[in-house]
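Geometric and topological summary
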2 protein chains.
Amino acid sequence: MMIGEVSDRTGLSVDTLRFYEKIGLIAPPMRNDAGRRVYGNDVLGWVGFLEQLNATGMKQADRILYARLRQQGDSTLRARREMLEAHRAVIREKLHLMQQTMALMDHKVAIYETLEAETETPQI
Amino acid sequence: MMIGEVSDRTGLSVDTLRFYEKIGLIAPPMRNDAGRRVYGNDVLGWVGFLEQLNATGMKQADRILYARLRQQGDSTLRARREMLEAHRAVIREKLHLMQQTMALMDHKVAIYETLEAETETPQI
DNA sequence: GTACAAGCTGGAGTGCACTCCAGCTCAAGC
DNA sequence: GCTTGAGCTGGAGTGCACTCCAGCTTGTAC
């Protein structure tokens, strides 16, 4: 798979894929005779996982650390598990906050509806 | 309340409070004889709400828009309700994604635990 | 009455995470 | 054989959301 196809299938731009490689988030892929990147299918799952970490608020530096550990193989299993557990705790808190904010939104929307009903028909 | 106390009670830095005023997120407060900002208690609730919008991913530009509508009074009730409803939809999606990622974390942690048990006692 | 903490302004600087650009090579279709 | 599109590199530029700074005034404690 060339970089353009990876871009199409992951939603990341070609520039971002090369940038991720430069900072160590994606392992440097093989090159063909012309010096172009040729990716294996596994990159798709990995990029998807990175996006999930990203979307749930893990910082670049931590994702880079995780990626580096992953490339070092089985000796880093424990460290990686600990990182995931720590991130899981962060997500749990965010979930909690989001649920609270959700409830607040519901509350505010209800209040606005009441106020709108009052102000939109002042001629009772 | 002087700006330092607002900072202490909201967790935002003094610089950030002044910055928020400059960009229109916080209404310019009264000034005392020496020209210093004197805030009412209502700023605390407002800043707290801003933080919730922030933490749930609303962009600065949208928060500024909401703040501007709020300062315009009752004629903007409908617009504000619509903004909150839109943001509520965004939060709902994020909640969903977070729950999925949470499940994935659980799954991965379990896998790591299995692998660790295998690699840590290779001498069975 | 003076040291010092807290406040003020306008403007510059920072960190993050990309995003774009110039100038090049290479492969395929007409 | 030449145009076009995809890819390459190193490095510069961008947008967001603050954060810091210099140089000033003011209020409080000793």
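Anything mentioned here points back to the structure above.
Residues numbered from 1 in each chain as written. Chains lettered and ligands numbered in written order. Predicted model: local features only at pLDDT ≥ 70, side-chain atom pairs only at ≥ 80, totals over all residues. Heavy atoms only, no water.

On to the relation of the copies chain A and chain B, then. Superposing chain A onto chain B requires a rotation of 180 degrees together with a translation of 0.0 Å along the rotation axis, leaving an RMSD of 0.0 Å. On this basis, the relationship between the two copies can be described by a two-fold rotation axis. When C-alpha distances to the rotation axis are compared across chain A, the minimum falls at Leu95 of chain A, with a value of 3.2 Å. Looking at chain A, 100% of its interface residues are interface residues in chain B too, so the copies touch through the same face. (Least-squares fit on C-alpha atoms with pLDDT ≥ 70 in both. Contact = heavy atoms within 4.5 Å.)

Turning to the interface of chain A and chain B, a few remarks are in order. The interface is formed by 35 residues belonging to chain A together with 35 residues belonging to chain B. Contact between chain A and chain B buries roughly 3500 Å² in total, counting both sides, with carbon and sulfur atoms accounting for 74%. Broken down residue by residue, the surface that chain A buries against chain B is led by Met98, Met105 and Tyr112 of chain A, which jointly contribute 19%. Inspection of the region where chain A meets chain B yields four salt bridges. Between Glu116 of chain A and Arg81 of chain B there is a salt bridge, with its nearest N and O atoms 2.5 Å apart. In terms of residue count, the dominant contributor to the side of chain A that touches chain B is helix H5 (residues 77-120) of chain A (28 residues). A class-by-class count of the residues in the side of chain A that touches chain B yields 16 nonpolar, seven polar and twelve charged. (Buried area = accessible area lost by both parts, 1.4 Å probe. Salt bridge = Lys/Arg side-chain N within 4 Å of Asp/Glu carboxyl O. Helix = DSSP H or I, 4+ residues; strand = E, 2+ residues; numbered from the N terminus. Nonpolar A, V, L, I, M, F, W, Y, C, P; charged D, E, K, R; others polar.)

This part takes up the protein's contact with DNA strand C. For DNA strand C, the set of nearby residues contains 17 residues, the closest of which are Tyr20 and Gln60 of chain A together with Gly4, Arg18 and Arg37 of chain B. Put simply, 71% of the atoms of DNA strand C that lie within 4 Å of the protein are in sugar or phosphate. With respect to DNA strand C, the side chain of Asp15 of chain A contributes an N or O atom lying 3.5 Å from a base nitrogen. Note that a phosphate oxygen of DNA strand C is positioned 3.0 Å from one of the side-chain N or O atoms of Arg31 of chain B. Breaking the surface near DNA strand C down by element, the ones donating at least two residues are helix H2 (14-23) and helix H4 (60-71) of chain A together with helix H1 (3-10) of chain B. Residue contributions to the surface near DNA strand C peak at four residues, all from H2 of chain A. Residue composition of the surface near DNA strand C, grouped by class: five nonpolar, four polar and eight charged. (Near = heavy atom within 4 Å. Polar contact = N/O pair within 3.5 Å; in protein donor to acceptor, adjacent residues only side chain to side chain.)

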